[in-house]
Each structure stands twice: as structure tokens, then as C-alpha cells.
Amino acid sequence: MPQPSPESIPALKATVRGEVLLSDSPGYDEARSIWNAMIDKKPAVIVRCTGVADVIAAVNYGRDQGLVIAVKGGGHNIAGNAVCDDGLMIDLSLMKSVHVDPATKRAYAGPGATLGDLDHETAVHGLATPTGINSTTGIAGLTLGGGFGWLSRSYGLTADNVVSMEVVTAEGERVRASSDENTDLFWALRGGGGNFGIVTLFEYQLHDVGPNLLAGLIVFPGADSKKVLTQYREFTKDMPDELTVWMVTRGAPPLPFLPEDVHGKHVVVLAFCYNGDPADGEKLIAPMRGFAKAHGEMVGVMPFAGWQQAFDPLLTPGARNYWKSHNFTELKDGLIDTTIEYASKLPSPHCEIFIAQLGGATLRVAPDAMAYGNRDARYVMNVHGRWETAAEDEKCIDWSRKFFDAAAPFATGGVYVNFMTAEESARVANAFGPNHKRLASIKAKYDPKNLFRLNQNIKPA
């Protein structure tokens, strides 16, 4: 694998305003660390960019030196593509500014911004755009892969709400992609991942949200899983777009509203958010309380930006993580039974199975309107293997894979690209479906030599 020549480093340092880190530089280990502790790679050089000029310089340097290039935004991606061995890591995490124009309801976010950074600025104006559920997730990777969360049934995917992007291409050129400029690139970036260039600015459409919404958790005994999941399936078939309910089954965390003797025991959690008048939301969620006798609940009116951080304690960096994912159009009996079976034998107290509910606005976009084409997915399952030590790797990965295989007969075959691990290159075509051929053609136009290949890679046609 090519290494940067030592004599090239001073010239690189002279062309960037940010830091250039080598393996013996202060801050090197911190810069190369990412969310998933299973990934421990050591780039030959890290460029910590402070602006677009640094990104251009870094891309030109990596291309001219023939280096493998990794791009780090938030560093949250499960596959660990934000870091590489021996090559160049382009670190965008310092480029995290967010500017909001309340008059036009637009937000402009740098590629290092997290969901928390975006929410912090938009919430002041009672505005938001659909993003994910963990505030430390990077906005760039989330958006480029599609992006969904509590507001998606109301307003669509994160990618559906992108107005424009500024991009540095493999040739080191800065271009703008929108509905009237470089439209093919704009199409590809919305769901096609980091295959086509490095986005240095995202422009988002915002919506009036809250700022206070009804949200919360209802926690049921694992013994009532069949009853709860079957009723959850019926409940979510026909309800207003403003309500979103997700299911998580796992060992109960030590939540203050749960009796101490429940902590660690198998539970089924229904987590919800209602994007509307809280009084209306209370009426809508009332039937869920009758699914079974709950261990406890935490339900109330709270700032939306606060709810966005509710799951952060369960998703802190530093743990070992391995995910497997499926899309579903419905939750069939066989899937429910399989989920219950594998939830009863979780290999670590941190492992969980969650089912995210989509539908609503996410279904009302044509599958070929942009790169993200899985518009038939009403539910997305993440088999979330998570544990603390390398000694647990084998049993936790084995559990994740076996459950994934057992659930496959009930799935669509499609997959959410942001939930794919590094080993799943064979599923890339499934992630993009009929859009894959067009994506390969656009890749050939903007990155014919596949410079940006550390991703769920689309090979140039």
C-alpha cells in the first residue's frame, strides 16, 4: 500500500491552515479514534481541515501521492470507514459551524457538525429537520446515506430535506450540487454515501417543530413480548404521520422510573414522539398503555432537542459494536417470533434489537427521485450487537449474524446503507436497488479512478 513520501509532508503542511498529524504527533490518537471501538486503524497522515481550502489541498495531496483516503465527519459510522491504515485521513470534525436563516427556514451546516450541533442552532427558532436519534452522530454521513428519525414520517428523510451541497471532487474542484446545478451529482449524493466527493456544506430545509413535543418510553416485561409486538404491529399500520413509535427489546437499563428488580431483565420498550399538539398526542398514545401491564413509563412534554439526546447514554463511544440490518414492509408473525427468540438470549447486557418505524412522508417520494430508493421500507430493523471487551467478540457477532439470517425470509432484501458493516460489500447493490446502475455511471463521471472508495463502495461503470 502506498505511503506518503517523507519529503512531501512539509509541502503539505505549508498548504493547509489546519493541523497535519503524523503517528508521533500530539493529538494523533485522539484524531484517529472513532465511535466504534472495534476499529483501530493508523493512518500515515491526518489532515485536520479548518475550511474548504484545506479539504482541496488534502484531496490533491492524497490523489497525487496515490494514497488510500478516509474521510471523517462525526466518526460515527458502524463500518469504521472514517479511518484507514497507512493512508490519508481527512478529518472534517473541526468544520462544525451551523448557521440558521429563520426567514427562509434554512440551515447551513459544515461536514463536521453533529445532530446535536444542528439541533442546538435550529431549536432556538422553533425549527428542525429530520435527522437521527443520537445527538453525537455526524450530520454528513447520516445525510449522505439517507437519514431518518423522529420527524421522518412528518417530513421525510434527511436527504429529502437537502436543498444544496457544496462538494470537493476527486479532481480537487469545488462545485455546488442542487436541483438546478450539477443535478446528477445532487441526485447521487442524496443516499449514495461518500462515493462522489467530500461535501463541505449542507443546506437544509427546516420545519416548524415544537419546540416542546410529547415524547417518551413505555417499558413492558419481556414475558409479554408476543402480546406487545403483535399489538404494536396493528397500532402502527394506520396512524397519523405526526406520531412515530419505535420498538427496542433488550435488558432493562437502570432507568430511574423502573423498579430496581427490573434492571437487567428482558424488556420491550416502545419509544415514541408526537409532532403536534401534546394533548392530541396523549389521546393517540393512550391505547399503547393497554398492550400489557407496564413496568413503568417516562412520558411527558419536553424540548425536541432534548428528546434527540435521550438515547445518548446507551450509545456512548468506546464500546465494541457490530450491526446487521433488514428492511421490512410488514412485521409478519414469523418475524415477531424470531425476534422474541433471539431477544431471549442476548449475549451482552448492551445488545439490543430495535425496529424503527418509517412510512408517512418517506413513502411519498419516488424510488428513483434520488439515490436512496428503498421507499417501500415501513420498518427498519437494526440488530445492534454492543459489548465491552474483545473476549466477547465471537459470541456477540455470532448472535447478530444468526438472528440476521433467521430474520431474512421476512425482509425486503433492501438495506439502509448507514447500518451496513465493512464486510457487507456484497449487499451494496441491494442497498441501492434499481438505482445502482445510474449511480455507477455518475461515479464514473465524478470519480472515475475510485479515489473515494472507503465507503459502501459503488464502483465506476
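Look a little higher up for the structure.
This section reports on the structure supplied with the text. (Residues numbered from 1 in each chain as written. Predicted model: local features only at pLDDT ≥ 70, side-chain atom pairs only at ≥ 80, totals over all residues. Heavy atoms only, no water.)

1. Details of helix 4 (residues 115-123)
Working step 1: When we look at burial in helix 4, the residues that qualify are L115, G116, L118, D119 and T122. Mapping the buried residues of helix 4 onto a view down its axis gives an arc of 160 degrees, with all of them on the same face.
Working step 2: On its buried side, helix 4 packs onto strand 5 (98-101), strand 6 (106-109), strand 7 (127-128), helix 5 (139-145) and helix 10 (304-307). (Buried < 20%, exposed > 50% of the residue type's maximum accessible area, 1.4 Å probe, protein only. Helix = DSSP H or I, 4+ residues; strand = E, 2+ residues; numbered from the N terminus. Arc of directions from axis to C-beta. Contact = heavy atoms within 4.5 Å.)

2. Description of helix 1 (residues 8-15)
Working step 1: Buried within helix 1 we find S8, I9 and L12. On an axial view of helix 1, the arc spanned by its buried residues comes to 95 degrees, and they lie on one face. Facing away from the buried side of helix 1, by more than 90 degrees, are the exposed residues P10 and A14.

3. Some remarks on the pattern of salt bridges
Working step 1: Scanning the entire structure with this criterion turns up 29 salt bridges.
Working step 2: A salt bridge links D241 to R364, with the nearest nitrogen and oxygen atoms 2.5 Å apart. Taken together, the residues span a long stretch of sequence, with D241 in the loop between helix 8 (225-237) and strand 13 (243-251) and R364 in the loop between strand 17 (352-357) and strand 18 (379-387) at a distance of 123 residues.
Working step 3: Among the ionic contacts, a cluster of salt bridges with common partners joins K324, R401, E423, E424 and R427. (Salt bridge = Lys/Arg side-chain N within 4 Å of Asp/Glu carboxyl O.)

4. Quick notes on the sheet that holds strand 6
Working step 1: Read from one edge of the open sheet, five strands run 5-6-10-8-9, paired in antiparallel fashion. On the outer flanks of this sheet lie strand 5 and strand 9 (174-178), each paired with one strand and no other. Neighbour-to-neighbour, the strand axes of this sheet turn through a mean angle of 15 degrees, independent of strand direction.
Working step 2: Alignment of strand 5 against strand 6, held across four bridges, turns out to be antiparallel. (Pairing = 2+ DSSP bridges. Axes fitted to C-alpha atoms, helices over the stretch in contact; angles between N-to-C directions.)

5. Focus: the packing of helix 1 against helix 3 (residues 52-65)
Working step 1: Contact geometry for helix 1 and helix 3: axes closest at 9 Å, N-to-C directions at 160 degrees. Taken together, helix 1 and helix 3 sit at an angle that is classed as roughly antiparallel. Relative to helix 3, helix 1 is oriented so that their crossing is right-handed. Where helix 1 approaches helix 3, its residues S8, I9, L12 and T15 are matched on the opposing element by D54, A57, Y61 and Q65.
Working step 2: Along the lines of polarity and charge, the residues of the contact of helix 1 with helix 3 split into four nonpolar, three polar and one charged. (Parallel < 35°, antiparallel > 145°, perpendicular 65-115°, else oblique. Left-handed = near helix turned anticlockwise from the far one by under 90°. Nonpolar A, V, L, I, M, F, W, Y, C, P; charged D, E, K, R; others polar.)

6. Some thoughts on the environment of L127
Working step 1: One can find L127 in strand 7.
Working step 2: Under the relative-accessibility criterion, L127 is labelled buried at 4%.
Working step 3: The sequence separation of L127 and G210 amounts to 83 residues, and the corresponding C-alpha distance is 7.6 Å.
Working step 4: Beyond its immediate chain neighbours, meaning those up to four positions away, L127 contacts V100, P102, K105, T122, L206, H207, D208 and V209.

7. Side note on the pairing of strand 2 (residues 45-48)
Working step 1: Taking every second residue as pointing to the same face, both faces of strand 2 are buried, with V45 and V47 on one and I46 and R48 on the other.
Working step 2: Across three bridges, strand 1 (residues 19-21) lies against strand 2 in antiparallel orientation. What sits directly across from L21, in strand 2, is I46.
Working step 3: Bridge analysis of strand 2 against strand 4 (residues 88-91) gives four bridges, and the strand direction is parallel. If you follow R48 over to strand 4, its bridge partner there is D91.

8. Comments concerning unusual backbone geometry
Working step 1: The omega torsion of the bond from G210 to P211 falls at 15 degrees, within 30 degrees of zero and hence cis.
Working step 2: We note that D86 has phi near 75 degrees; this positive angle belongs to a residue other than glycine.
Working step 3: Structurally, D86 can be placed in the loop between strand 3 (69-72) and strand 4.
Working step 4: With a phi angle near 55 degrees, K105 is a residue other than glycine that sits in the positive phi range.
Working step 5: Position of K105 relative to the elements: it lies in the loop between strand 5 and strand 6.

9. Structural notes on the nonpolar core
Working step 1: By size, the foremost hydrophobic cluster in this structure holds 76 residues, and its most contacted members are F148, W150, M165, L189 and W307.
Working step 2: Looking at this core element by element, the count peaks at five residues for helix 7 (residues 183-189).
Working step 3: Contact partners of L189, with chain neighbours within four places excluded, come to L144, M165, V167, A177, F196 and V199.
Working step 4: Y274, Y322, C351 and V383 belong to the second largest nonpolar core, which has 38 residues in total. (Core = buried A, V, L, I, M, F, W, Y, C linked by side-chain atoms within 4.5 Å.)

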